[in-house]
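An overview of the molecular structure
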Amino acid sequence: MAQLKITVENICSLCEKQGCKEPCEKWYDCLEGKPVDFGLVGEEGDNYEKT
């Protein structure tokens, strides 16, 4: 059961917003090590989360 790790490098590709000219609050939260959740559900029903 693999979970997708949300990282500073991939957070923008996971976000539904695109074309941002500067990082958002979630990007900064991820950079600071705070948990970031987009409510995505994996194949086995687990939420994708930063681990």
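Residues numbered from 1 in each chain as written. Predicted model: local features only at pLDDT ≥ 70, side-chain atom pairs only at ≥ 80, totals over all residues. Heavy atoms only, no water.

1. Here we look at the environment of C24
- Mapped onto the secondary structure, C24 falls in the loop between α1 (11–14) and α2 (25–31).
- Its relative accessible area of 31% is what places C24 among the partly exposed residues.
- Taking C-alpha positions, C24 is 9.2 Å from C12, a pair spaced 12 residues apart along the chain. (Helix = DSSP H or I, 4+ residues; strand = E, 2+ residues; numbered from the N terminus. Buried < 20%, exposed > 50% of the residue type's maximum accessible area, 1.4 Å probe, protein only.)

2. Some thoughts on the packing of aromatic side chains
- This structure, assessed with the given rule, holds 1 aromatic pair.
- For the pair W27 and Y28, a centre-to-centre distance of 5.1 Å together with 90° between the ring planes defines the contact as edge-to-face.
- Accessibility expressed as a relative area gives 19% for W27, which makes it buried. (Phe/Tyr/Trp six-rings, centres within 6.5 Å; stacked < 30°, edge-to-face > 60°.)

3. Regarding the environment of Y28
- With respect to the secondary-structure elements, Y28 resides in helix α2.
- A relative accessible area of 40% means that Y28 is categorised as partly exposed.

4. Let's talk about the state of the cysteines
- Summed over all chains, the structure comprises 0 disulfides.
- This cysteine, C12, is not joined by any disulfide, and C24 carries the nearest cysteine sulfur, 6.5 Å off.
- Given the relative accessible area of 51%, C12 is considered exposed.
- We note that C20 lacks a disulfide partner, and the nearest cysteine sulfur, in C15, lies 6.1 Å from it. (Disulfide = S-S within 2.5 Å.)

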